[in-house]
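One-letter residues, chain by chain:
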Amino acid sequence: MRMVDIIAKKRNGNTLNEEEIKYFINGYVDGSIPDYQVSALLMSIFYNGMNNSEVSNLTKFMVESGDVINLDQIKGFKVDKHSTGGVGDKTSLIIGPLVAAAGVPIAKMSGRGLGHTGGTLDKLESIKNFKIELTSEQFINNVNKHKIAIIGQTANLVPADKKLYSLRDVTATVDSIPLIASSIMSKKIASGADAIVLDVKVGSGAFMKTIDEARKLAETMVQIGKSLNRKTVAILTNMDEPLGKEIGNANEIHEVIQVLKNNGPHDLTEISITIAAQMTVLANVYDDIEIAKIELRKLLSNGKAFEKLVEFVMAQGGDTSVIHDPNLLPKAKVHSDIKADQDGFVSKIDALSIGISAMLLGAGRKTKDEVIDHSVGITLHKKVGDKVNQGEVIATIHCNNSNIDESTDLIHKAYLISNEAIKSSKLIYDVIQ
Ligand code: URA
C-alpha cells in the first residue's frame, strides 16, 4: 500500500476502506508517513468528507493508537459526558455530583486545555488542596466508594489525535465534521465509559455557529458511538450568550455551588439537568427523561447533590470549608463595574467577546505553558431579555490589574441593548440519538 494512492483516492472523492485508514493512522503515528502527505489527505477529507463507515474506522484506529482505559473494576454502568466547549460552561462540575448522587458512577479524566477560562481541572484547583492526581487504584476506589472521581489524564490516550490535531491547526483543516467528530469520540471511547452524552454547543461562543452544522456534527458522533458499541446521545444547546452568570475559575466554582444548592441561574440549571437526565436514563437509573428530571431536581432541593460535592472534594483532599463558604475561594484585588449606557433590554451578549475578555484578565490560557489566575473573572449581572436602566451595573470585572481597559471595552461592546423587549432564546434545540 502507498500513501500517495490513498491521498489520490480521497482527492477523487472515493471511499477509503478499513485497511487504508489503518495504514495511514499507524504510519503517521509511527513516523513512517510524513506530515506533508497527511496534510494532503486531511485537505482531501476537508473537501470531500467521509461516509459513516470511514469516520467510524478512522475513530477506531485512532483509539487503538494509544492506551484504552479499563474501568471494569468500577461497579455499575459508567456514563461520561463531553461538551464541545463554550463560555461559562461549568456543567461537568454540576452534573458530576448530581449524577453521582443519583447512583451513576462518574469516573472522569479531564484536561486543562486552552481557552477562555481554564478546563475542569483548573476550576477544581481553585479549591485549596484539591488533588487532581490520584493513582489508578485510588481513582477506582474513590469511584466505587463515593461514585465520583475527577482526575488529570496520565495515560497516553489517542496519540494519533495529538499529532493530527497539531497538524490540522496549521493546515486550516480543523473545521471538518469527520475530523472533529473522530477527534472527540476517539478520546471519549479511549476513556473507558460504557455510554456517552455529548453537549454540542451552538452559537456565537461555540465551535458550531449554526444549528445545521451542530446537528451534522452531533449525528456523526452519535453514529460513531453506536458503531463502536457505546450508547451515545447528543444534545444541541444554546451558546449565543455565556452560560450562567460567572466566568473565571473560582467564580465558576462559586456558581457550581449555587446550582448544587438549588439556587443557581436558570439557564445553567436547566442545561445541567437535561444532560444529567440523559445520563441517568442511559444508566437505567430512571425509566424516562421526564421522571429523571423530576428526581434530579429533588436531589438539588433536598441537599443530596450538594452533599455529594462536599464528599467528592473531601475524598480528593480539597478544603471543604471553601465549599461551605465560597467567600474563601481565591479573590481578585480589583472589582470594576461596567454600566449600561442606555435604558432598554439586553438583546445580545456576545459570548466570544466575553470569553476573550476573561482570557485577557488571566482566567484562561492561549498557550499550554501559561499560568492561570484562579481569582480573576467576570460576573454578568444582566442576561439576554433583562431590562436595564442607564447607569445600572450590567457586569463586574474581577481582576488583578491586567488588561482591565481592553477587557472593559470588550464587555461593553459584547452587550447589545435595544428598545424592544426580546424573548430569551431557547436553551435546548434538540436531542439526537
Ligand atoms: N475538540 C476536539 O477534541 N477535537 C476537535 O477536533 C475539535 C474540538
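Residues numbered from 1 in each chain as written. Predicted model: local features only at pLDDT ≥ 70, side-chain atom pairs only at ≥ 80, totals over all residues. Heavy atoms only, no water.

### Description of the sheet that holds strand E10 (residues 387-388)
The line we're drawing: Following DSSP output, two strands are said to pair if at least two bridges run between them. Only DSSP runs of H or I with at least four residues qualify as helices, and only runs of E with at least two residues qualify as strands; both kinds are numbered from the N terminus onward. We call two residues in contact when some of their heavy atoms are within 4.5 Å. For helices, the fitted axis covers only the stretch in contact; all axes are lines through C-alpha atoms, and the angles between them, taken along N-to-C directions, range from 0 to 180 degrees.
The strand order E10-E8-E12 describes an open sheet built from three strands, whose pairing is antiparallel. Among the strands making up the open sheet, the edge pair consists of E10 and strand E12 (415-418). One ladder, built from four bridges, connects strand E8 (residues 344-349) with E12; its direction is antiparallel. In the strand pairing of E12, Phe345 is matched with Ser418. Across the sheet, helix H17 (residues 404-414) touches E8 and E12, and the angle it forms with E12 is around 40°.

### Some details on the domain arrangement of the protein
Worth spelling out the cut-off: Note that the domain bounds reflect an automated or database-derived domain assignment. Buried area: the sum, over both parts, of the accessible surface (1.4 Å probe) that disappears when the two are put together.
What the domain assignment reports for the protein is domain 1 (3-49), domain 2 (79-324) and domain 3 (331-418). Relative to domain 3, the C-alpha centre of domain 2 lies at a distance of 24 Å. Counting residues at the interface gives 27 residues for domain 2 and 28 residues for domain 3. Taken over both partners, the interface formed by domain 2 and domain 3 buries close to 2,000 Å², and the fraction arising from carbon and sulfur atoms is 53%.

### Here's the deal with the pairing of strand E11 (residues 393-399)
Test applied: Three exposure classes are used, based on accessible area relative to the maximum for each residue type with a 1.4 Å probe and protein chains only: buried under 20%, partly exposed in between, and exposed over 50%.
For E11, the buried fraction is high: six of the seven residues fall into the buried class. Sheet analysis places strand E7 (residues 334-339) next to E11, joined by six bridges and oriented antiparallel. Looking at the pairing, Asp337 lines up with Thr396 of E11. For strand E9 (residues 377-380) and E11, the ladder comprises four bridges, and the chain directions are antiparallel. Its bridge partner lying in E11, Thr379 is registered against Thr396.

### Notes on the site of the ligand
Where we set the bar: For this description, a residue counts as near a given molecule or strand if any of its non-hydrogen atoms is within 4 Å of it. Accessible areas in this description were obtained via Shrake-Rupley with a 1.4 Å probe; residue shielding takes into account the shown protein chains only. For this classification, Asp, Glu, Lys and Arg are treated as charged, while Ala, Val, Leu, Ile, Met, Phe, Trp, Tyr, Cys and Pro are nonpolar and the rest, including Gly, are polar.
Looking at the ligand, the residues that line it are Tyr165, Arg168, Ile180, Ser183, Ile184, Lys187 and Phe207. Considering the ligand on its own, with 240 Å² of exposed area, one finds that the protein chains cover 85% of that surface. Listing elements by their share of the shell around the ligand, those giving two or more residues are helix H8 (159-170) and helix H9 (177-190). Residue contributions to the shell around the ligand peak at four residues, all from H9. Along the lines of polarity and charge, the residues of the shell around the ligand split into four nonpolar, one polar and two charged.

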